[in-house]
Amino acid sequence: MTGLAAAILMAASCGQGTPEAGNAQQADARPVSATWSLDTAGSSIAFASIKAGELIESHTFAGLSGQISPDGEAEIDIPLDKVETKIDLRNERMREMFFETGTYPVATINASVDPEAFADLPVGGRTKAEITGELSLHGVEAPVYADVFVTRIGDARIEVASAEPVVVNVAEFNLDNGLERLREVAGLPSITPASPVTFTFVFEAEDE
């Protein structure tokens, strides 16, 4: 849930990417030793809830932040108190009953990356890769896996997007009790205890 940002840029570091041709244009790329910051406005993460086995609703988080240091240490923060479900009462219930943001306000992804792995990606070039990261959520740290597309969208900009949804099981992060509380207060017969997550993250190299 996740989302899933800095760990996702790690996709390009694992040596498993497959460069794709297409409309790639040669351009002088920003040195990979730069610090890369997450573009909050250009980045998004969404997760879906499935109610009564058939009603699917999509939710998002605002205010994502993160950075990849010149030595490849990456961190992305997801402010759980900024969950957006399009219904104010449901936002409040998600914060208080499910995420318990008073105690666990932020979910974090940490990863070590190799910036050299995407140094030669031209503007317009895209690579597909499989990545592994670590998600810290609700007091639990666990590995997460994702297939992603890494695209160089500018001289100093990289986009990392999910190639397919990442499924997060709530029980793995001790969120099953909160899910049951949500089900009871909403009067639902069931809420599926697994959530598909999709994301698009844009990183921009800072000026030296």
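Structure: see above.
These remarks concern the structure in this document. Since the structure is predicted, the reported quantities are computational estimates derived from the model, not experimental observations.

About the cut-offs
- Residues numbered from 1 in each chain as written.
- Predicted model: local features only at pLDDT ≥ 70, side-chain atom pairs only at ≥ 80, totals over all residues.
- Heavy atoms only, no water.
- Patch = residues over 30% accessible without salt bridge, like charges linked within 9 Å, V, L, I, M, F, W, Y side chains within 5 Å.
- Areas by Shrake-Rupley, 256 points an atom, 1.4 Å probe, with all protein chains shown as cover.
- Salt bridge = Lys/Arg side-chain N within 4 Å of Asp/Glu carboxyl O.
- Lys, Arg positive; Asp, Glu negative; His and termini not counted.
- Charge placed at Lys NZ, Arg CZ, Asp CG, Glu CD.
- Helix = DSSP H or I, 4+ residues; strand = E, 2+ residues; numbered from the N terminus.
- Buried < 20%, exposed > 50% of the residue type's maximum accessible area, 1.4 Å probe, protein only.
- Core = buried A, V, L, I, M, F, W, Y, C linked by side-chain atoms within 4.5 Å.
- Pairing = 2+ DSSP bridges.

As a further point, take a negative patch on the surface. A grouping of Glu-84, Asp-88, Glu-92 and Glu-96 is seen on the molecular surface, where their side chains present a negatively charged patch. Among the elements that make up the negative patch, the one with the highest residue count is helix 2 (residues 88–99) (3 residues). Among the structural elements, Glu-92 can be located in helix 2.

This paragraph deals with the pattern of salt bridges. What the rule picks out here adds up to 5 salt bridges. Across the pair Glu-57 and Arg-90 runs a salt bridge, and its minimum N-O distance is 2.7 Å. Here Glu-57, found in strand 4 (residues 55–61), pairs with Arg-90, found in helix 2; they are 33 residues apart in sequence, far enough to count as distant. In terms of burial, Glu-57 and Arg-90 fall into one category: buried. Between Arg-157 and Glu-204 there is a salt bridge whose closest N-O contact spans 2.9 Å. Taken as a pair, Arg-157 in strand 11 (residues 157–162) and Glu-204 in strand 13 (residues 194–205) lie far apart in primary sequence, 47 residues in all. For Arg-157, a relative accessible area of 24% gives the class partly exposed. When salt bridges with common partners are traced through the structure, they connect Asp-39, Arg-157 and Glu-204 into a single cluster.

With that settled, consider the nonpolar core. Residues Phe-61 and Phe-99 are the most contacted members of the largest nonpolar core, which totals 48 residues. Element by element, the count of residues in this core is highest for strand 10 (residues 140–154), at 6 residues.

Looking now at the pairing of strand 6 (residues 73–79). Looking along a regular strand, one sees the side chains alternate between the two faces of the sheet. Note that strand 5 (residues 65–68) and strand 6 share 4 bridges and pair antiparallel. Note that in strand 6 the partner of Ile-68 across the bridge is Ala-74. Hairpin geometry of strand 5 and strand 6 is characterised by an intervening segment of 4 residues between the two adjacent antiparallel strands and by a positive phi of about 95° at Gly-72. Bridging between strand 6 and strand 8 (residues 106–112) involves 7 bridges; their strand directions are antiparallel. Directly across from Pro-79, in strand 8, lies its bridge partner Val-106.

Geometric descriptors of this kind do not, in isolation, establish any biological role.
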